[in-house]
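A closer look at the structure
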Amino acid sequence: MDWISGLNEDTRDALIMWLYGAAGAGKSAIAQTVAEILEDQHFVLASFFFSRNDPQRGTAKLLVTTLAYQLAVMLPPVFRERLGLAFENDPLITTRSLEAQFKNLIREPLLELLHSGFSTNKHIAVIIDGLDECDDPKVQSRVIDLAFRLLNSRDLPLRILIASRPETEISSSFNTKPFSTLARIALDHNYQSEWDIRDFLVDELNEIKTQHRLRSYIPIGWPAEDSLDILVQKSSGQFIYASTVVKYAASPRHRPTHRLEIVLSIHQPSEGDSPFAELDALYRHILMGVEDVDLILQIIGFVVLHPPSYFYSSVTFIEAFLSLAPGNVQLLMQNLGSLVLVENDPDNPYGAEVITVRILHASLRDYLLDQSRSKDFFLDHLKMHTQYAELCLAHMTALPALQFNLSLHPFTGMSSMF
């Protein structure tokens, strides 16, 4: 909010804010909350929330016209008159390119408004949420480019908030933009969201205690502190897990206490009853959108099924062990940035540069190891360990060559694995 108001010295010159994070990190919740606050404070606001499951919001076809309409409702008549003139001059404007629509339906009407003497002590705010859910990655990049082009000359009192996952096309587009005009907020492992998630769980579960039809059967001390600790830990900083738990426990046809016990694995769900249907659908959607998913699952399985360590999560080691060409892991994982992080870890204990694979969601492991949930993406640990044993034998057979190939690896004594 301080950025939009121009009160933050560090971001005062930034015209665009990129809020990014993994799937379910809470980006949409934050964007929605910001929109509600702006409305309460009487800012001029226009917003568009992409959604892959909505045919009207899964593409950018209605993006510009939606924003223009919202601005026309809130701004003085001069804006609406200029907007009407644009449609009068070109009745097919909505079928034109995004570039033409941005120019004729937003930029030029805003400039006309300013030339008429309109001034405001508050910036006009535009929120674009879920850009990664737009069905065409190239269009995602064009939207970013157009946002910067719109504000390039700094002649509009406009601030644009874009929230998305850090997918390849989007990250690449933002990385080419001037640092001075862009501010970033990363909802990653450095963002301390545990207390926010805990507060969310406490508030929502307390509401269940007071509103549920079976509230008289819920103990006063529910949920226990250790249960909250487990839920926060399982969330791994991702609001989607906590939100899914709350929705599951709030079912009016079930006892909330029993449903929470299912989530905590105290009781098993009955047949056909999944506590994480929404989360599973999200994971499935992401995995279905990548190429070479079998090889990707093999890499993820290697990380998931081995004890957490820099040794087993090292990209160099994984590529050597699975006989992949150097760089293949990063190429394969580039479209899974919302679930898996591949980056140099400066905090590794070995001193040298080590690029590691890190699973962003603790719940992703649970999903992949439960065949009833992951179906054809199931990681069968018995089969995979058998496969790893066969690979070990193959490497042992070629041990001299392998030792030579791994001699440049930053870890000492790696060949002792074989």
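Now for a description of the structure that goes with this document. In this numbering scheme, every chain counts its residues from 1 along its sequence in written order. Since the coordinates come from a predicted model, pLDDT governs what is reported: local features require at least 70, and pairs of side-chain atoms require 80 or more to be given and counted, while whole-chain, interface and lining totals use all residues. Water and hydrogen atoms were dropped before computing side-chain values, which therefore reflect all heavy atoms in the structure.

1. What to know about the packing of helix H10 (residues 239–249) against helix H11 (residues 256–263)
Where we set the bar: Simply put, an axis is a line fit to the C-alpha atoms, just over the touching stretch for a helix, and the angle between two N-to-C directions goes from 0 to 180 degrees. Helical segments are the DSSP runs of H or I of at least four residues, strand segments are the runs of E of at least two, and each set is numbered from the N terminus. Should an angle fall under 35 degrees it is called roughly parallel, over 145 degrees roughly antiparallel, and 65 to 115 degrees roughly perpendicular, with every other angle called oblique. In this scheme the handedness of a crossing depends on how the near helix is turned from the far one: anticlockwise by less than a right angle means left-handed, clockwise means right-handed. By the convention used here, residues are in contact when the closest approach between their heavy atoms is within 4.5 Å. Residues are grouped as follows: nonpolar covers Ala, Val, Leu, Ile, Met, Phe, Trp, Tyr, Cys and Pro; charged covers Asp, Glu, Lys and Arg; every other residue, Gly included, is treated as polar.
Orientation of H10 relative to H11, taken along the N-to-C sense of each, is 140°, at an axis distance of 8 Å. The pairing of H10 with H11 is recorded here as oblique in orientation. Crossing of H10 against H11: the hand is right-handed. For the pair formed by H10 and H11, the contact residues are Tyr241, Val245, Tyr248 and Ala249 on the first element and Pro256, Arg259, Leu260, Ile262 and Val263 on the second. A per-class count over the contact of H10 with H11 returns 8 nonpolar, no polar and 1 charged.

2. Structural notes on the packing of aromatic side chains
The test is simple: Two aromatic rings from Phe, Tyr or Trp, using only the six-membered ring of Trp, form a pair when their centres are within 6.5 Å; if the ring planes differ by under 30 degrees the pair is stacked, by over 60 it is edge-to-face, and anything between is tilted. Two limits define a charge over a ring: the Lys NZ or Arg CZ must be within 6 Å of the ring centre, and within 35 degrees of the ring normal.
Across all of its chains, the model carries 12 aromatic pairs by this definition. Geometrically, the ring pair formed by Phe321 and Tyr388 is tilted, given 6.2 Å between the ring centres and 55° between the ring planes. Residue Phe321 is located in helix H15 (residues 315–321), and its partner Tyr388 is located in helix H19 (residues 381–397); the two are separated by 67 residues in the primary sequence. Among the aromatic residues, those joined into a ring-pair cluster are Trp18, Tyr20, Phe148 and Phe174. Here Lys177 stacks its cationic end above the ring of Phe148, 5.6 Å away from the centre of that ring. Over the face of the ring belonging to Tyr248 we find Arg259, whose NZ or CZ atom lies 3.6 Å from the ring centre.

3. Some details on the sheet that holds strand S3 (residues 124–129)
Formally: We treat two strands as partners when DSSP finds at least two bridges between them.
Spatial ordering of the open sheet is given by S2-S3-S4-S1-S5, a layout of 5 strands whose pairing is parallel. Each edge of the open sheet is held by one strand with a lone partner, namely strand S2 (45–49) and strand S5 (182–187). The mean angle between the axes of side-by-side strands here comes to 10°, regardless of whether they run parallel or antiparallel. In the sheet, strand S1 (residues 16–21) pairs with strand S4 (residues 158–164) via 5 bridges, with the strands oriented parallel. Across the sheet, the residue bridging to Trp18 is Ile162, located in S4. The strands touched by helix H2 (residues 27–40) are S1, S2, S3, S4 and S5; relative to S3, the strand with the most contacts, the crossing angle is about 160°.

4. Quick look at the nonpolar core
Soluble, globular proteins show a tendency: their nonpolar side chains are buried together. Condition: Side-chain atoms within 4.5 Å are what join buried Ala, Val, Leu, Ile, Met, Phe, Trp, Tyr and Cys residues into a set we call a nonpolar core. The cut-offs for exposure are 20% and 50% of the maximum accessible area for each residue type, with area from a 1.4 Å probe on protein chains only; residues under the lower value are buried, those over the upper are exposed, and the others partly exposed. An automatic or database domain assignment is the source of the domain bounds shown.
Ranked by size, the top nonpolar core spans 59 residues in total, and within it Ile300, Leu336 and Leu368 carry the most contacts. Looking at which domains feed residues into this core, each of domain 2 (193–265) and domain 3 (292–398) supplies at least three. The next biggest cluster of nonpolar side chains, apart from the first, holds 46 residues, and it includes Ile16, Phe48, Leu105 and Val126.

5. Re H11
When you tally the buried positions in H11, you get 6 out of 8 residues, the bulk of the element. Buried residues belonging to H11 abut helix H8 (194–211), helix H9 (225–235) and H10. Phi turns positive, to about 65°, at Ser265, one or two residues after H11.

6. Section: the packing of H8 against H9
The description of two packed helices rests on the angle between their axes and on the distance between the axes. Contact pair H8 / H9: the axes reach a minimum separation of 10 Å and the direction vectors enclose 130°. Accordingly, the angle class assigned to the pair H8 and H9 is oblique. In the crossing of H8 with H9, the sense of the turn from one axis to the other is right-handed. Residues Glu194, Ile197, Arg198, Leu201, Val202 and Leu205 of H8 pack against Glu225, Leu228, Asp229, Leu231, Val232 and Ser235 of H9. Residues of the contact of H8 with H9, tallied by class, amount to 7 nonpolar, 1 polar and 4 charged.

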